[in-house]
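Residue-level structure breakdown
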Amino acid sequence: MRFGILSTAHIALDAFVPGVARTEHDVAAIASRDAERAADAAAAHDIPDSYGNYEALLDADVDAVYNPLPNGLHAEWTRRAADAGLPVLCEKPLTRDAHEARDVIEHCADRGVTLMEAFMYRYHPRTERVRALLADMGDVVSASATFGFPLRGSPDDVRLDPGLAGGSLMDVGCYPVNALRTLVGDPDAVTATTFDSRDCGVDTRLAGTFEYAGGARATLRCWFDAPEHQRYRIETTDGWIEASPAFNVAADAPAELRYAVDGRTVTESFEPVDQYAREAEHFADCVESGMTPRTSGEDALANMRVIDALYEAAATGERVAP
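Residues numbered from 1 in each chain as written. Predicted model: local features only at pLDDT ≥ 70, side-chain atom pairs only at ≥ 80, totals over all residues. Heavy atoms only, no water.

Within the protein chain one finds nine helices and 14 strands. Taking 2.2 N^0.38 as the reference for a compact globule, 322 residues should give roughly 20 Å; the C-alpha atoms of the protein chain span a radius of gyration of 19 Å, in line with that estimate. By principal-axis analysis of the C-alpha atoms, the protein chain measures approximately 55 × 40 × 40 Å. Classification of the 322 residues of the protein chain by burial places 55% in the buried group. Surface summary for the protein chain: the accessible area is close to 13500 Å², and the carbon and sulfur share equals 44%. (Helix = DSSP H or I, 4+ residues; strand = E, 2+ residues; numbered from the N terminus. Rg over C-alpha atoms; globule rule 2.2 N^0.38 Å. Buried < 20%, exposed > 50% of the residue type's maximum accessible area, 1.4 Å probe, protein only. Areas by Shrake-Rupley, 256 points an atom, 1.4 Å probe, with all protein chains shown as cover.)

All told, the structure shown has 13 aromatic pairs when counted by the stated rule. The side chain of Arg 233 reaches across the aromatic face of Trp 240, ending 4.3 Å from its centre. (Phe/Tyr/Trp six-rings, centres within 6.5 Å; stacked < 30°, edge-to-face > 60°. Lys NZ or Arg CZ within 6 Å of the ring centre and 35° of its normal.)

The sheet built from six strands is open, its strands ordered 3-2-1-4-5-6 with parallel pairing. In the strand order of this sheet, the two ends are held by strand 3 (49-51) and strand 6 (115-118), each with one partner. Here the strands of the sheet are splayed against their neighbours by 25° on average, with no regard to which way each runs. Direction of pairing for strand 1 (residues 2-6) relative to strand 4 (residues 64-67): parallel, over a ladder of three bridges. Across the sheet, residue Ile 5 finds its bridge partner in strand 4, namely Tyr 66. Each of strand 2 (26-31) and strand 3 touches helix 2 (residues 35-44); the most contacted strand, strand 3, lies at about 160° to it. (Pairing = 2+ DSSP bridges. Axes fitted to C-alpha atoms, helices over the stretch in contact; angles between N-to-C directions. Contact = heavy atoms within 4.5 Å.)

Another aspect to go through is helix 1 (residues 10-21). Between the first and last C-alpha of helix 1 there are 16 Å, a value that for twelve residues agrees with the 16 Å anticipated at 1.5 Å per step. Among the residues making up helix 1, those that are buried are Ala 12, Leu 13, Ala 15, Phe 16, Val 17, Gly 19 and Val 20. Buried positions along helix 1 lie against strand 1, strand 2, helix 2, strand 4, strand 5 (88-91) and helix 8 (275-289). (Expected span 1.5 Å × (residues − 1).)

In this section: the pattern of salt bridges. For the structure shown, the criterion picks out 21 salt bridges. The partner of Arg 198 in a salt bridge is Asp 225, with the nearest N and O atoms 3.6 Å apart. Placement of the pair is Arg 198 in the loop between strand 8 (189-195) and strand 9 (205-211) and Asp 225 in the loop between strand 10 (217-223) and strand 11 (229-236), with a sequence separation of 27 residues. Judged by relative accessible area, which is 28%, Asp 225 ranks as partly exposed. (Salt bridge = Lys/Arg side-chain N within 4 Å of Asp/Glu carboxyl O.)

On to the pairing of strand 14 (residues 264-270). A regular strand places its side chains so that they alternate between the two faces of the sheet. As defined by bridge partners, strand 13 (residues 255-261) adjoins strand 14 across seven bridges and the pair is classed as antiparallel. Looking at the pairing, Tyr 259 lines up with Val 266 of strand 14. Joining the antiparallel neighbours strand 13 and strand 14 is a turn of two residues, in which Asp 262 adopts a positive phi near 50°.

Turning next to the nonpolar core. If you look at the biggest cluster of nonpolar residues, it comprises 84 residues, and the most contacted ones within it are Phe 210, Tyr 232 and Leu 310. If one sorts the elements of this core by residue count, helix 7 (residues 168-183) sits on top with nine residues. (Core = buried A, V, L, I, M, F, W, Y, C linked by side-chain atoms within 4.5 Å.)

Quick look at the sheet that holds strand 12 (residues 239-243) now. Here eight strands make up an open sheet; going across it, the order is 8-9-10-7-11-12-13-14 and the pairing mixed. Looking at strand neighbours, the two that pair on one side only are strand 8 and strand 14, the edges of this open sheet. Taking each pair of neighbouring strands and ignoring which way they run, the sheet shows an average axis angle of 10°. Strands strand 11, strand 12, strand 13 and strand 14 of the sheet are contacted by helix 6 (residues 125-135), whose axis makes an angle of about 10° with strand 13. Across the face of the sheet, helix 9 (residues 297-316) comes into contact with strand 8, strand 9 and strand 10 while running at roughly 60° to strand 8.

Now for the pairing of strand 2. The buried fraction of strand 2 is high, at five of six residues. Bridge count between strand 1 and strand 2: five bridges; the pairing is parallel. Across the sheet, residue Gly 4 finds its bridge partner in strand 2, namely Ala 29. Following the backbone out of strand 1, through helix 1 and into the adjacent parallel strand 2, one traces a crossover that is right-handed. Sheet analysis places strand 2 next to strand 3, joined by three bridges and oriented parallel. Each residue of the ladder has a partner; that of Ala 29, found in strand 3, is Asp 49. (Right-handed = clockwise from strand over helix to strand, strands pointing away.)

Time to look at the packing of helix 4 (residues 74-83) against helix 5 (residues 98-110). In contact at an axis separation of 9 Å, helix 4 and helix 5 are set at 10° when each is read in the N-to-C sense. Put simply, helix 4 runs roughly parallel to helix 5. Each of Ala 75, Thr 78, Arg 79, Ala 82 and Asp 83 in helix 4 lies in contact with helix 5, whose residues at this interface are Glu 100, Asp 103, Val 104, His 107 and Cys 108. Grouping the amino acids of the contact of helix 4 with helix 5 by side-chain chemistry returns four nonpolar, two polar and four charged. (Parallel < 35°, antiparallel > 145°, perpendicular 65-115°, else oblique. Nonpolar A, V, L, I, M, F, W, Y, C, P; charged D, E, K, R; others polar.)

Remember, this is a structural readout, not a statement about activity or role.
Now the structure itself:
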């Protein structure tokens, strides 16, 4: 598969491109609104073709599009790629809200193209191991998931721009939301509080709670204002599971999983894995076979419903059902 990349975003050049290089697939082209920036990125990363606008990339010799644009542009350019008949691997979160997500999903379905959300951690073997362990453990009693880092530098960072759907929940909090949904289940109701420490119009901190009908509770935290931390922990009636760092595991770094069942504590180690490479391979397999991606559009929609509910709960101070 020949990928075309919309934008020279950090995640594209420093994570996705090296990941694809470890597969049988290729990055064939990259586009930016700045032709010189696109050309420089192409030269630095051995990408054959570059373009000074996104439209040109959609007419290029590519088989699929990777969309790492700012959140507020995901929907527009995913739809336009679909109009060009190109499958889309779109960075998380898929869109700015659930309504827009439903529109994008239907748009891609109408045009017969594969749509997949790029939650790379879902393709790490540790994540699948956690799911398998939980299937044999007791009922979940409580859980917690966090992802935050210090966002420094330009005050014009797109992650601080409400017009581009910025905010800590949209940028990194969507990972804990996805992890709790994947490992524990979709919540029946949520509560949340937010704080805007930069007076920029988006949340730079969020704390939320997931409520489940069976009595389990889960907490979620994300931020731009404190040292980096990423972790999830799940408590069950007969043990617990914990992963840290939970989401952004470097391709050359081993990963650990700690858990306890019936009083026996275990630490499992996983050899280094490039989860971006596995993500790209899964996407290509889905395009070729027609199977539904693990991180499908429908899964992205469910994630957006919870994100919408968290924002509504923070705004109203009420419990909100996604």
